[in-house]
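Coordinates in review
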Amino acid sequence: MIGVRNVRNKLKSGEVWVNELRLTDFNEEGGWAANANLNVALSDLGTVNVGGRIETAGFGALDQSLNERRMEDFKQYNVATSIELGKLFPEKAQVSIPFYYAYSKETYDPKYNPLDTDMELKDALDAAGSKAERDSIENIAVTKVTQTNFSVSNARVGIATRRHPMPYDPANFSFTYSHAHQHTTGETTVFENRDNCRGALDYSWTPVYKAWEPFKKWKNKSKWLDLLKRFGLNWLPQNSAFNTEMTHETYELQERDMESTLNSQLPLTVSDQFLWNREFSLRWDLTKNLHMN
């Protein structure tokens, strides 16, 4: 529908014409995709995994329609390594430090400029008057997600007293620490940061000893005395354990003001949580038939 209105009381003379637009065909330009992975084993020290993936605009499955295919160039690569750092210590030290690190980055590069959907992004970048303007358009149009993960799980020194483990043996203790970080930028987001830190200390002592049986050497065939002969008292618990765990989560979100032309910033969204858990457990079988947890 096209309407022309004269908003004044005076007569106006003019000419109105409309160019006919007719849809004749679809843009069936297809895309391509590739996937690569590399796995390297470092003897008994650990492994390293490297992977990459790319899908260009227009790529899709055979059963997908044109509107369901990709409208952006997707690029993703990751590096992950798992190493036993305890192998770097002398074998007599009995050190175990399982180490893990991973890094990944995803990039979504749209075909069309989100600020002007009638223009392809590459044409908008070429038409930018300066490098600062080009970087500004690219920071808004391209979505980037970066993730890093680092952890040390159950690090310990396996030195313990022979025959009779003592409560102060280093083998009773283990330590865990991990940190995960995610950083996102995109069309509606200036930045979005997620951080999760976790630290834990575990203690477990399992003594080895014989139960105290004071009537075991009695020589008597009486059934009543036989009950006393089989009586045994465990003077130490079978296992005592303690765990303390601290978790710290932070979140920051700075949204982009899409309606303002004055480069104003919306309020920053912040979330900060700290959690501390402690757990103690005790298992003590006072006699063969009397159990306590």
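Structure: above.
Structure report, in brief.

How each quantity is defined
Residues numbered from 1 in each chain as written. Predicted model: local features only at pLDDT ≥ 70, side-chain atom pairs only at ≥ 80, totals over all residues. Heavy atoms only, no water. Helix = DSSP H or I, 4+ residues; strand = E, 2+ residues; numbered from the N terminus. Buried < 20%, exposed > 50% of the residue type's maximum accessible area, 1.4 Å probe, protein only. Contact = heavy atoms within 4.5 Å. Lys, Arg positive; Asp, Glu negative; His and termini not counted. Charge placed at Lys NZ, Arg CZ, Asp CG, Glu CD. 1 Å grid on protein atoms, 1.4 Å probe; cavity = no way out; pocket = protein on both sides within 12 Å on 5 of 7 lines; lining within 4 Å. Points joined across faces, edges and corners; volume = space filled by probe spheres on them.

**A short note on the overall build of the protein chain**
When helices and strands are counted, the protein chain shows 3 helices and 13 strands. Its C-alpha atoms put the protein chain at 130 × 50 × 40 Å along the principal axes. Per-residue burial for the protein chain yields a buried fraction of 23% across its 293 residues. The long-range fraction of contacts in the protein chain, counting pairs at least 24 apart against all pairs at least 6 apart in sequence, stands at 60%. Measuring between centres, the 34 positive side-chain charges of the protein chain sit 17 Å from its 39 negative side-chain charges.

**As for the side chain of Asn193**
As for its position among the elements, Asn193 is in strand E10 (residues 189-205). With a relative accessible area of 15%, Asn193 lands in the buried category. When sequence neighbours within four positions are dropped, the list of residues in contact with Asn193 reads His181, Gln182, His183, Thr250, Tyr251 and Glu252.

**Quick look at the layout of surface pockets**
Its volume calculated, the second largest pocket comes out at about 330 Å³. Taken together, 13 residues make up the lining of the second largest pocket; nearest its centre are Ala57, Asp73, Lys111, Glu120 and Lys122. At the level of secondary structure, the elements contributing two or more residues to the lining of the second largest pocket comprise strand E5 (98-110) and helix H1 (121-126).

**Concerning unusual backbone geometry**
For residues besides glycine, phi is generally negative; the peptide bonds are generally trans as well. We note that Gln94 has phi near 55°; this positive angle belongs to a residue other than glycine. Within the secondary structure, Gln94 is located in the loop between strand E3 (72-84) and strand E4 (95-96). The phi torsion at Arg163 lies on the positive side, around 70°, for a residue other than glycine. Relative to the helices and strands, Arg163 is located in the loop between strand E8 (143-157) and strand E9 (173-185). With a relative accessible area of 75%, Arg163 lands in the exposed category.

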